[in-house]
Structures are given as C-alpha cells and as structure tokens.
Amino acid sequence: MELFDVYPLYDITPVSAKGLILTDDQGVEYLDLYGGHAVISIGHGHPHYVSRIKEQLDRIAFYSNAVQNPLQQQLMEKLGYLSGCDEYRLFLCNSGAEANENALKLASFHTGRSRVIAFHNSFHGRTSAAVATTDNPGINAPINRQQQVTFLPFEDATALEAEMAKGDVCAVILEAIQGVGGLDEPSTAFYREISRLCREHDVVLIADEVQSGFGRSGKFFAFQHHGIEPDIISMAKGMGNGFPVGGILIHPKFKASHGLLGTTFGGNHLACAATLAVLEVLEKEQLMKNAEELGSYFAACAARIPEVKRVKGRGLMLGLEFGFEVASLRKRLITKQHIFTGSAKDKSVLRILPALNVSKDHLDQFFNALKRELA
Ligand SMILES: Cc1ncc(COP(=O)(O)O)c(C=O)c1O
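In this text the structure is predicted, and so the values were computed from the model without any measurement.

Conventions and cut-offs
Residues numbered from 1 in each chain as written. Predicted model: local features only at pLDDT ≥ 70, side-chain atom pairs only at ≥ 80, totals over all residues. Helix = DSSP H or I, 4+ residues; strand = E, 2+ residues; numbered from the N terminus. Buried ≥ 20, exposed ≤ 12 C-beta atoms within 10 Å, placed from the backbone. Pairing = 2+ DSSP bridges. Domains from an automatic or database assignment. Contact = placed C-beta atoms within 7 Å. Nonpolar A, V, L, I, M, F, W, Y, C, P; charged D, E, K, R; others polar. Core = buried A, V, L, I, M, F, W, Y, C linked by C-beta atoms within 7 Å. Near = placed C-beta within 6 Å. Expected span 1.5 Å × (residues − 1). Arc of directions from axis to C-beta. Axes fitted to C-alpha atoms, helices over the stretch in contact; angles between N-to-C directions. Parallel < 35°, antiparallel > 145°, perpendicular 65-115°, else oblique. Left-handed = near helix turned anticlockwise from the far one by under 90°.

This brings us to the environment of Lys-371. If you trace the backbone, Lys-371 turns up in helix H11 (residues 360-374). Measuring from C-alpha to C-alpha, the distance between Lys-371 and Glu-307 comes to 9.5 Å, with 64 residues separating the pair along the chain.

In structure tokens, the structure reads:
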C-alpha cells in the first residue's frame, strides 16, 4: 500500500520533541516556530500534559456520548472561566473543519435559511459547508459547490448590508485573524458593524477561532480585541496541543434538542484530559500574558530588519511580510538554520506560530538566523 500523495513533505523525520525543539532521526535539532499548523500551544511533551493524559489512559480512554463524563463538566468550567464565555454552551468534536461544519449547520437550523457570507481569503476547513466557505476554488469539489456562499471583502459594510437585506442569509463566518490567508483582520469598526448587522437581520455570527483561539492572540479569543460577542465560536488546533479536539461555544439563545448535533469521538475522556491539561498550563504559566509580551518583543526585533515590510497579526499569531516570495527563504530556514516557520496563501508572508511558552532566546535565535539568510 502507498499513502495517497496529497502532502508535499520535507525530508525530515522527527522522532522526539520537547518544548519548542524537535529532534530528527539523525539527531538534528529544529526550533519549532510553527507548531504543526498552530497546534502546539503549550509546547511539545509538556510534563503536565503528558502525565494527565497517561493518568487518564490508565483509567478510561474512551466512551461515547451515551454515558456521563464528568471530565466534560470540568472542561466547561475551566474553559468558561478562562475565556470569560461562561454563559455559552459547549459542543465538543474533533477538528476545526468539524467545528465550523457544526457551527454552520446550527446557524441554518436556527434561522431556517441556507446562504452564508464569508470573506475573501478565508480558510474554514475542508469538509462540506466549511470548505464551501473557504475562498479557494481549487479545494472545492463540484459536490461542495452546491452550498450557497457569498464572499465579500473586509470593510465593505454597504455590500454586507445589501446581502443581508435579501433575507436568505443564515450566517456570517469569519476568522478573527486570518491564518492560512496571511494574517489579515478587519478593523474594530468593521467587526462592530458586522455584529450590529447580524443582530438587525437575525443572522448568526460565527467567529472561527480554530487558529486564533486558546490564547494565541494574547487574549483567550481574538474577537475579544474588538469588544464583540459572536453567536457561535469555533475552536480546535491549540485546544489539544496535538490531541485531535475541536468544539463550538454556542450562545444560550440556541435551543438544543436530542440528536440535533452528534459525533462518536467528540468529548471523549482522553480528549478532555488533553484539553484540561492545556487550560491548566495556560492559566498556571500565564501563557496569554507571555503571548502578548513576546508578540511585542517579536515586532520590535522585526522592526530592525529592513527587508521586513510589515509585521502582521497579534500575540503569537504572527506574519512577516517581505517584498518578495518567501518560499526559498522558508526552505533555507528549515534546511540550513533548522527552524520551522510557515507559509501563507499570500506568498510574501512568512508565518510564525510558536508554542505560547516561547522565550526571548528562541526569538533571538530566529532573528539571527533570519539575518544570516537575508545577508
Ligand atoms: C481558521 C481555520 N479554520 C478551520 C481550519 C480547519 O481545521 P482542521 O484542519 O482541524 O479541520 C483551519 C486549519 O488550518 C483554520 O486555520
């Protein structure tokens, strides 16, 4: 058998990982400033994370959502407290796409409508409705194109209002900070206008926090920088620090009924233990504060590099915009400097998404390597 060849792979085989360091099968160490697409939030192999999962494994790893699972209760309490969203309801699933799929489905159930408004350059996942709201025709199969989605630019409130006035829109979905697209985000004024229009037209506002959530932006959720209150918040990536977990937070105005949503694996015991460990470390080690401080440190270091046109993003969800395409630079950073960074749909942006306990030393190491490669 062979793998279905859909991923372009670097010729690197990590065999162990600790904190921000990956070690490959040749003993070469790599600084991980990408966290496997923004997934590693508290660092590889964090001792608390490892022991909590191991302990859970010794008790019970899995049972489906047919029995009581007190870990879900513990998770809700901690998540509600740390995020400040304690009045929301929680539905647990397994990935970012699944979170958005359920968010969009719920919006459609709730309003009885089916058209969705998404934004240019968006990425919301690869499943049915989630991929249809992703601004990339190349990954939308004919079956996905049956969904009704309208893509709009940021900042065009007139177009947004005109679409909503047609009366068939169930949801507006947006990434609080765009990830794959290249770290763009709307202004606070536009966020507030989206929120106001959604209320006026009874349209569900979905904040996709799959990448920006769980402290990465310096606040628990990135929409919290703008003082809005979405109806549904989708989460995944950093939530499990590598354990596949996703979820949506749902405003209490949505009515639950048995069977409305469901999943076999979502909210299982191991997934809850992983997420609880992440939340406990976020709180104990004050990682949101670190994300905010180290994000500012990163921006100050980047300002001293003339080739950097702009620093994009917030906290530790960052992009460096250059005046050239960064593919070759990124490759050299990996192969010669042994530093993992990320690419974006905007080919001039290098993405930096380290674990939230990254240190100044790690960032200094990166900037020294960057200078060597730019020289
Ligand atoms: C903002 C955003 N939403 C959704 C997804 C999809 O998540 P997953 O790959 O876990 O399905 C991603 C993945 O990159 C993402 O960045």
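So that's the structure; there's more coming.
Moving on to the pairing of strand E10 (residues 246-250). Within E10, five of the five residues are buried, which leaves it mostly tucked inside the rest of the structure. Side chains Gly-246, Ile-248 and Ile-250 project from E10 onto one buried face, and the interleaved Gly-247 and Leu-249 project onto a second face that is buried too. Relative to E10, strand E4 (residues 89-93) runs antiparallel, the two sharing five bridges. Bridge pairing in E10 links Leu-90 to Leu-249. By the bridge criterion, four bridges tie strand E9 (residues 232-235) to E10 in an arrangement that is antiparallel. Looking at E10, one finds that Met-235 is bridged to Gly-247.

Pairing is mixed across the open sheet formed by four strands, whose spatial order is E1-E2-E3-E13. Edge positions in the sheet fall to strand E1 (14-18) and strand E13 (339-340), since each of these pairs with one other strand and no more. Across three bridges, the pairing between strand E2 (residues 21-24) and strand E3 (residues 29-32) is antiparallel. The residue of E3 that forms the bridge with Leu-22 is Tyr-30.

This brings us to the domain arrangement of the protein. Structurally, the protein comprises domain 1 (14-46 + 286-374) and domain 2 (48-284). Taking only C-alpha atoms, the centre of domain 1 and the centre of domain 2 are 25 Å apart. Counting residues at the interface gives 24 residues for domain 1 and 28 residues for domain 2. When contributions to the side of domain 1 that touches domain 2 are tallied by element, the ones reaching two or more residues are helix H9 (287-302), strand E11 (308-314) and strand E12 (317-322). Per-element accounting of the side of domain 1 that touches domain 2 gives the leading share, five residues, to H9. Considered class by class, the residues forming the side of domain 1 that touches domain 2 number 12 nonpolar, seven polar and five charged.

Another point: the environment of Leu-294. The residue Leu-294 is located in helix H9 in this model. A count of 23 C-beta atoms within 10 Å places Leu-294 in the buried class. In the structure, Leu-294 is positioned 62 residues away from Leu-356 in sequence and 8.8 Å away in space, judged by C-alpha atoms. Not counting residues up to four positions away in its chain, the partners in contact with Leu-294 are Leu-316, Val-358 and Leu-363.

Another aspect to go through is the nonpolar core. Ala-171, Val-172, Ile-206, Ile-232 and Val-278 are the most contacted members of the largest nonpolar core, which has 107 residues in total. Those residues in contact with Val-172 that lie beyond four places of it in its chain are Ile-117, Ile-194, Cys-198, Val-203, Leu-205 and Ile-206.

To continue, consider the site of the ligand. Near the ligand there are 15 residues, and of these Ser-95, Gly-96, Ala-97, Gly-125 and Val-210 occur at the shortest range. When residues of the shell around the ligand are assigned to their parent elements, the largest contribution, three residues, is made by helix H4 (residues 96-111). By residue class, the composition of the shell around the ligand is five nonpolar, eight polar and two charged.

For the rest of this paragraph, the subject is the pairing of strand E5 (residues 115-119). Most of E5 is tucked away, with four of its five residues classed as buried. Sheet topology places E5 next to strand E7 (residues 169-175); three bridges connect them, and they run parallel. In the strand pairing of E7, Ile-117 is matched with Val-172. The sheet contact formed by E5 and strand E6 (residues 149-152) spans four bridges and is parallel.

Another aspect to go through is helix H7 (residues 188-200). Compared with the 18 Å implied by 1.5 Å per residue over 13 residues, the 18 Å span of H7 between its first and last C-alpha is a close match. When H7 is considered as a whole, its buried residues turn out to be Tyr-191, Ile-194, Ser-195, Leu-197 and Cys-198. Viewed end-on, H7 has its buried residues packed into an arc of 165°, placing them on one side of the element. Residues Thr-188, Ala-189, Arg-199 and Glu-200 are exposed on H7 and point more than 90 degrees away from its buried face.

Once that is clear, we can look at the packing of helix H2 (residues 47-59) against helix H8 (residues 269-284). Axis separation between H2 and H8 bottoms out at 9 Å; the angle between their running directions is 155°. Classed by the angle they form, the pair H2 and H8 counts as roughly antiparallel. The way H2 lies across H8 gives a crossing that is right-handed. Residues His-48, Tyr-49, Arg-52, Ile-53, Gln-56 and Leu-57 of H2 lie in contact with H8, whose contacting residues are His-269, Leu-270, Ala-273, Ala-274, Leu-276, Ala-277, Val-278, Glu-280 and Val-281. Class assignment of the residues belonging to the contact of H2 with H8 gives a composition of 10 nonpolar, three polar and two charged.

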